[in-house]
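The residues making up each chain are set out below.
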Amino acid sequence: MEKKIISQNPGRIVYASSKETECFHYFTDIISCPISGKEMELPGKGVINHRVSGFFFSKLQQLNIPTHFIRMLNMRQSLMHSTLPLDFYVRVICMPSSILAKEFDVAPDHVFSRPIIEYVHINSGRLLNETHLMAFSILEMQDLDELHNIILRIVDSIKGICIGMRFQLMELKLQLGCGFNYSSDTPFLLCGDFSPESFSVLDLDSSMILGGENITNAVYPPNLHYRSIAARLGIGLEGPSRSQVLPFQIKESAHECL
(Lines give C-alpha, C1' and ligand atoms only; values in the text may rest on other atoms or scores of the structure.)
Protein backbone atom coordinates (compact mmCIF):
# COMPACT_ATOMS: atom_id res chain seq x y z
CA MET A 1 0.00 0.00 0.00
CA GLU A 2 1.41 3.36 -1.02
CA LYS A 3 2.03 5.78 1.83
CA LYS A 4 0.16 9.09 1.84
CA ILE A 5 2.43 12.13 1.48
CA ILE A 6 1.55 14.86 4.00
CA SER A 7 4.15 17.40 2.92
CA GLN A 8 7.29 17.53 0.82
CA ASN A 9 10.28 19.81 0.30
CA PRO A 10 13.54 19.21 -1.63
CA GLY A 11 15.26 17.47 1.29
CA ARG A 12 12.49 15.73 3.20
CA ILE A 13 9.19 13.94 2.65
CA VAL A 14 6.62 13.51 5.43
CA TYR A 15 4.43 10.41 5.17
CA ALA A 16 1.29 9.55 7.10
CA SER A 17 1.38 6.74 9.66
CA SER A 18 -1.36 4.33 10.68
CA LYS A 19 -1.60 6.45 13.84
CA GLU A 20 -3.00 9.95 13.43
CA THR A 21 -0.62 11.26 16.10
CA GLU A 22 2.51 9.97 14.35
CA CYS A 23 4.19 10.36 10.97
CA PHE A 24 7.34 9.33 9.11
CA HIS A 25 10.08 11.69 7.93
CA TYR A 26 12.14 10.48 4.98
CA PHE A 27 15.36 12.33 4.09
CA THR A 28 16.17 12.64 0.38
CA ASP A 29 19.37 13.47 -1.52
CA ILE A 30 17.87 16.58 -3.16
CA ILE A 31 18.98 20.12 -2.33
CA SER A 32 17.61 23.36 -3.76
CA CYS A 33 19.95 26.20 -4.68
CA PRO A 34 18.55 29.34 -2.93
CA ILE A 35 19.83 31.67 -5.68
CA SER A 36 18.77 29.90 -8.88
CA GLY A 37 16.00 27.77 -7.38
CA LYS A 38 17.38 24.75 -9.26
CA GLU A 39 17.48 21.40 -7.54
CA MET A 40 20.44 19.05 -7.50
CA GLU A 41 21.12 15.59 -6.16
CA LEU A 42 23.95 14.79 -3.76
CA PRO A 43 23.88 10.99 -3.41
CA GLY A 44 24.16 10.05 0.27
CA LYS A 45 23.27 13.50 1.60
CA GLY A 46 19.95 12.31 2.99
CA VAL A 47 21.64 9.65 5.10
CA ILE A 48 23.98 12.20 6.69
CA ASN A 49 21.16 14.73 7.21
CA HIS A 50 19.09 12.05 8.91
CA ARG A 51 21.92 11.14 11.27
CA VAL A 52 22.79 14.78 12.05
CA SER A 53 19.15 15.63 12.70
CA GLY A 54 18.66 12.61 14.96
CA PHE A 55 21.85 13.51 16.84
CA PHE A 56 20.63 17.02 17.72
CA PHE A 57 17.04 16.00 18.50
CA SER A 58 18.30 13.29 20.86
CA LYS A 59 20.59 15.75 22.63
CA LEU A 60 17.77 18.27 23.05
CA GLN A 61 15.41 15.65 24.44
CA GLN A 62 18.04 14.73 27.02
CA LEU A 63 17.87 18.39 28.07
CA ASN A 64 14.04 18.15 28.44
CA ILE A 65 13.32 20.31 25.40
CA PRO A 66 10.12 19.03 23.73
CA THR A 67 10.54 17.92 20.10
CA HIS A 68 8.52 15.87 17.63
CA PHE A 69 11.30 13.27 17.38
CA ILE A 70 10.46 9.72 18.54
CA ARG A 71 13.17 7.46 17.09
CA MET A 72 15.20 6.66 13.99
CA LEU A 73 13.87 3.67 12.05
CA ASN A 74 16.54 3.13 9.40
CA MET A 75 19.24 5.05 7.52
CA ARG A 76 16.82 7.61 6.04
CA GLN A 77 13.59 7.50 8.00
CA SER A 78 12.46 8.56 11.49
CA LEU A 79 9.20 8.25 13.39
CA MET A 80 7.86 11.61 14.61
CA HIS A 81 4.95 13.03 16.58
CA SER A 82 2.48 14.72 14.23
CA THR A 83 2.56 18.49 14.62
CA LEU A 84 0.69 21.48 13.27
CA PRO A 85 3.52 23.82 12.21
CA LEU A 86 3.29 27.53 12.92
CA ASP A 87 2.84 29.81 9.89
CA PHE A 88 6.36 31.15 10.30
CA TYR A 89 9.83 29.84 10.94
CA VAL A 90 12.37 31.37 13.29
CA ARG A 91 15.79 32.57 12.13
CA VAL A 92 18.31 33.00 14.93
CA ILE A 93 21.54 34.92 14.27
CA CYS A 94 24.33 34.41 16.82
CA MET A 95 27.20 35.87 14.77
CA PRO A 96 27.12 38.46 11.95
CA SER A 97 27.70 37.47 8.34
CA SER A 98 30.55 39.26 6.56
CA ILE A 99 28.03 41.66 4.99
CA LEU A 100 26.31 42.38 8.31
CA ALA A 101 29.64 42.87 10.08
CA LYS A 102 30.71 45.42 7.46
CA GLU A 103 27.39 47.29 7.51
CA PHE A 104 27.39 47.68 11.30
CA ASP A 105 31.17 47.93 11.76
CA VAL A 106 31.62 44.93 14.04
CA ALA A 107 34.34 42.28 14.00
CA PRO A 108 33.55 39.29 11.74
CA ASP A 109 34.07 36.90 14.67
CA HIS A 110 31.85 38.92 17.02
CA VAL A 111 29.39 36.80 19.02
CA PHE A 112 26.21 38.62 20.06
CA SER A 113 25.53 38.63 23.80
CA ARG A 114 21.88 37.95 22.94
CA PRO A 115 20.98 36.30 19.64
CA ILE A 116 18.97 38.17 17.02
CA ILE A 117 15.58 36.47 16.60
CA GLU A 118 13.61 36.96 13.38
CA TYR A 119 10.23 35.54 12.42
CA VAL A 120 9.76 34.76 8.72
CA HIS A 121 6.35 34.05 7.18
CA ILE A 122 6.62 30.71 5.38
CA ASN A 123 4.41 31.48 2.36
CA SER A 124 5.54 35.05 1.59
CA GLY A 125 9.04 35.19 3.10
CA ARG A 126 8.04 38.45 4.83
CA LEU A 127 9.82 39.36 8.04
CA LEU A 128 7.40 39.54 10.97
CA ASN A 129 7.80 41.12 14.37
CA GLU A 130 5.85 40.32 17.51
CA THR A 131 3.27 43.02 16.69
CA HIS A 132 2.54 41.28 13.38
CA LEU A 133 2.04 37.96 15.14
CA MET A 134 -0.57 39.45 17.49
CA ALA A 135 -2.26 41.76 14.95
CA PHE A 136 -2.90 38.90 12.52
CA SER A 137 -3.92 36.55 15.36
CA ILE A 138 -1.05 34.18 14.60
CA LEU A 139 -0.19 33.99 18.30
CA GLU A 140 -1.60 35.32 21.56
CA MET A 141 0.45 37.40 24.00
CA GLN A 142 0.87 34.56 26.48
CA ASP A 143 2.05 32.28 23.67
CA LEU A 144 4.69 34.81 22.59
CA ASP A 145 6.39 34.67 25.99
CA GLU A 146 6.37 30.86 25.88
CA LEU A 147 7.67 30.84 22.33
CA HIS A 148 10.51 33.23 23.14
CA ASN A 149 11.53 31.18 26.17
CA ILE A 150 11.72 27.90 24.29
CA ILE A 151 13.65 29.53 21.41
CA LEU A 152 16.29 30.80 23.86
CA ARG A 153 16.48 27.36 25.53
CA ILE A 154 17.01 25.68 22.17
CA VAL A 155 19.64 28.19 21.05
CA ASP A 156 21.60 28.01 24.32
CA SER A 157 21.55 24.22 24.15
CA ILE A 158 22.66 24.05 20.50
CA LYS A 159 25.42 26.60 21.13
CA GLY A 160 26.71 24.47 24.00
CA ILE A 161 26.62 21.27 21.94
CA CYS A 162 28.44 23.01 19.07
CA ILE A 163 31.16 24.45 21.31
CA GLY A 164 31.79 20.95 22.62
CA MET A 165 32.40 19.91 18.99
CA ARG A 166 34.71 22.91 18.30
CA PHE A 167 32.00 24.74 16.33
CA GLN A 168 30.69 28.26 16.97
CA LEU A 169 27.00 28.49 16.04
CA MET A 170 26.43 31.37 13.59
CA GLU A 171 22.85 31.02 12.37
CA LEU A 172 20.00 28.63 12.99
CA LYS A 173 16.62 28.08 11.33
CA LEU A 174 13.92 26.65 13.60
CA GLN A 175 10.44 25.34 12.87
CA LEU A 176 8.04 25.06 15.78
CA GLY A 177 4.54 23.65 15.95
CA CYS A 178 1.82 22.34 18.20
CA GLY A 179 1.63 18.62 18.88
CA PHE A 180 -1.48 16.42 18.75
CA ASN A 181 -2.17 14.81 22.14
CA TYR A 182 1.43 15.47 23.19
CA SER A 183 1.81 16.17 26.92
CA SER A 184 4.30 18.93 27.67
CA ASP A 185 4.68 21.98 29.88
CA THR A 186 4.80 24.14 26.75
CA PRO A 187 2.30 24.26 23.86
CA PHE A 188 5.15 24.22 21.35
CA LEU A 189 7.27 21.42 19.95
CA LEU A 190 10.46 21.80 17.97
CA CYS A 191 9.82 20.17 14.60
CA GLY A 192 11.33 20.16 11.11
CA ASP A 193 14.92 18.95 11.01
CA PHE A 194 18.47 19.82 12.11
CA SER A 195 20.30 19.15 8.86
CA PRO A 196 23.41 21.15 7.86
CA GLU A 197 21.09 23.08 5.54
CA SER A 198 19.24 24.56 8.53
CA PHE A 199 22.25 25.93 10.43
CA SER A 200 25.67 27.43 9.81
CA VAL A 201 28.72 27.12 12.05
CA LEU A 202 32.26 28.46 12.23
CA ASP A 203 34.81 25.67 12.52
CA LEU A 204 37.08 26.88 15.34
CA ASP A 205 39.93 24.65 14.13
CA SER A 206 39.94 25.48 10.41
CA SER A 207 38.05 28.84 10.39
CA MET A 208 35.77 27.41 7.68
CA ILE A 209 32.12 28.50 7.65
CA LEU A 210 29.99 25.43 7.08
CA GLY A 211 26.31 24.76 6.49
CA GLY A 212 23.29 26.89 5.69
CA GLU A 213 23.33 28.95 2.51
CA ASN A 214 27.11 28.53 2.38
CA ILE A 215 26.59 25.00 1.02
CA THR A 216 25.76 26.31 -2.47
CA ASN A 217 27.95 29.43 -2.57
CA ALA A 218 30.76 27.57 -4.40
CA VAL A 219 33.49 28.56 -1.90
CA TYR A 220 33.79 24.89 -0.90
CA PRO A 221 32.32 21.83 -2.66
CA PRO A 222 28.82 21.10 -1.26
CA ASN A 223 29.79 17.62 -0.09
CA LEU A 224 32.58 19.09 2.07
CA HIS A 225 30.01 20.81 4.31
CA TYR A 226 28.11 17.60 5.04
CA ARG A 227 31.19 15.43 5.51
CA SER A 228 32.96 17.98 7.75
CA ILE A 229 29.97 18.46 10.05
CA ALA A 230 29.22 14.73 10.22
CA ALA A 231 32.86 13.89 10.94
CA ARG A 232 33.06 16.39 13.80
CA LEU A 233 29.88 14.96 15.32
CA GLY A 234 31.32 11.47 14.99
CA ILE A 235 28.60 10.36 12.56
CA GLY A 236 29.27 7.48 10.17
CA LEU A 237 27.45 4.63 8.50
CA GLU A 238 28.35 1.90 10.96
CA GLY A 239 28.51 3.87 14.20
CA PRO A 240 30.31 6.73 15.91
CA SER A 241 33.75 6.11 14.39
CA ARG A 242 35.05 9.37 12.91
CA SER A 243 36.89 7.47 10.16
CA GLN A 244 33.72 6.01 8.65
CA VAL A 245 31.91 9.13 7.46
CA LEU A 246 29.74 8.38 4.45
CA PRO A 247 31.43 9.38 1.17
CA PHE A 248 29.33 10.63 -1.73
CA GLN A 249 29.83 12.31 -5.09
CA ILE A 250 27.90 15.09 -6.78
CA LYS A 251 26.14 14.06 -9.97
CA GLU A 252 27.39 15.93 -13.04
CA SER A 253 24.11 17.80 -13.55
CA ALA A 254 24.40 19.25 -10.05
CA HIS A 255 27.14 21.69 -11.06
CA GLU A 256 24.61 23.78 -13.00
CA CYS A 257 23.33 25.15 -9.70
CA LEU A 258 26.67 26.42 -8.46
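It should be noted that the structure appears before, not after, this text.
First things first, this report covers the structure right here in the doc. Worth saying up front: this structure is predicted, and the values here are computed from it rather than measured. (Residues numbered from 1 in each chain as written. Predicted model: local features only at pLDDT ≥ 70, side-chain atom pairs only at ≥ 80, totals over all residues. Heavy atoms only, no water.)

**Considering the pairing of strand E2 (residues 12-16)**
For step 1, the next point in the chain: Counting buried residues along E2, 4 of its 5 residues qualify, which places the element largely inside the surrounding structure.
For step 2, the next point in the chain: In terms of strand pairing, strand E1 (residues 5-9) meets E2 through 4 bridges, oriented antiparallel. The partner of Ile5 across the bridge, within E2, is Tyr15.
For step 3, the next point in the chain: Taken together, E1 and the strand that follows it, E2, pair antiparallel across an intervening segment of 2 residues.
For step 4, the next point in the chain: Summarising the sheet, E2 and strand E3 (residues 22-27) pair through 5 bridges and their orientation is antiparallel. What sits directly across from Ala16, in E3, is Cys23.
For step 5, the next point in the chain: Linking E2 to E3, which pair antiparallel, is a turn of 5 residues. (Buried < 20%, exposed > 50% of the residue type's maximum accessible area, 1.4 Å probe, protein only. Helix = DSSP H or I, 4+ residues; strand = E, 2+ residues; numbered from the N terminus. Pairing = 2+ DSSP bridges.)

**Thoughts on helix H4 (residues 141-164)**
Each full turn of the α-helix corresponds to 3.6 residues, which orients residues three or four apart in the same direction.
For step 1, the next point in the chain: Given a rise of 1.5 Å per residue, 24 residues ought to cover 34 Å, and the 35 Å separating the end C-alpha atoms of H4 matches this to within 8%.
For step 2, the next point in the chain: Buried residues of H4: Leu144, Leu147, Ile150, Ile151, Leu152, Ile154, Val155, Ser157, Ile158, Lys159, Ile161 and Cys162, and no others.
For step 3, the next point in the chain: Positive backbone phi, at 65°, marks Arg166, one or two positions downstream of H4. (Expected span 1.5 Å × (residues − 1).)

**A few points about the packing of helix H1 (residues 45-62) against H4**
For step 1, the next point in the chain: At a minimum axis distance of 11 Å, the contact between H1 and H4 shows a crossing angle of 115°. Relative to H4, the crossing made by H1 is right-handed. Residues Phe55, Phe56, Lys59 and Leu60 of H1 form the contact with H4, whose participating residues are Ile154, Ser157, Ile158 and Ile161.
For step 2, the next point in the chain: The residue makeup of the contact of H1 with H4, split by class, is 6 nonpolar, 1 polar and 1 charged. (Axes fitted to C-alpha atoms, helices over the stretch in contact; angles between N-to-C directions. Left-handed = near helix turned anticlockwise from the far one by under 90°. Contact = heavy atoms within 4.5 Å. Nonpolar A, V, L, I, M, F, W, Y, C, P; charged D, E, K, R; others polar.)

**Digging into the side chain of Gln77**
For step 1, the next point in the chain: Within the element layout of this structure, Gln77 appears in strand E7 (residues 77-81).
For step 2, the next point in the chain: Apart from the residues within four sequence positions on either side, Gln77 is in contact with Lys3, Phe24, His25, Tyr26, His50 and Met72.

**What about the packing of aromatic side chains?**
For step 1, the next point in the chain: Counted by the stated rule, this structure contains 6 aromatic pairs.
For step 2, the next point in the chain: We note Lys173 situated over the ring of Tyr89; from NZ or CZ to the ring centre the distance is 4.3 Å. (Phe/Tyr/Trp six-rings, centres within 6.5 Å; stacked < 30°, edge-to-face > 60°. Lys NZ or Arg CZ within 6 Å of the ring centre and 35° of its normal.)

**Quick look at the side chain of Gln168**
For step 1, the next point in the chain: Looking at the element boundaries, Gln168 is found in strand E12 (residues 167-179).
For step 2, the next point in the chain: Relative accessible area serves as the criterion here: at 12%, Gln168 is assigned to the buried category.
For step 3, the next point in the chain: Beyond its immediate stretch of four places on either side in the chain, Gln168 contacts Met95, Val111, Lys159, Ile163, Ser200, Val201, Leu202 and Leu204.

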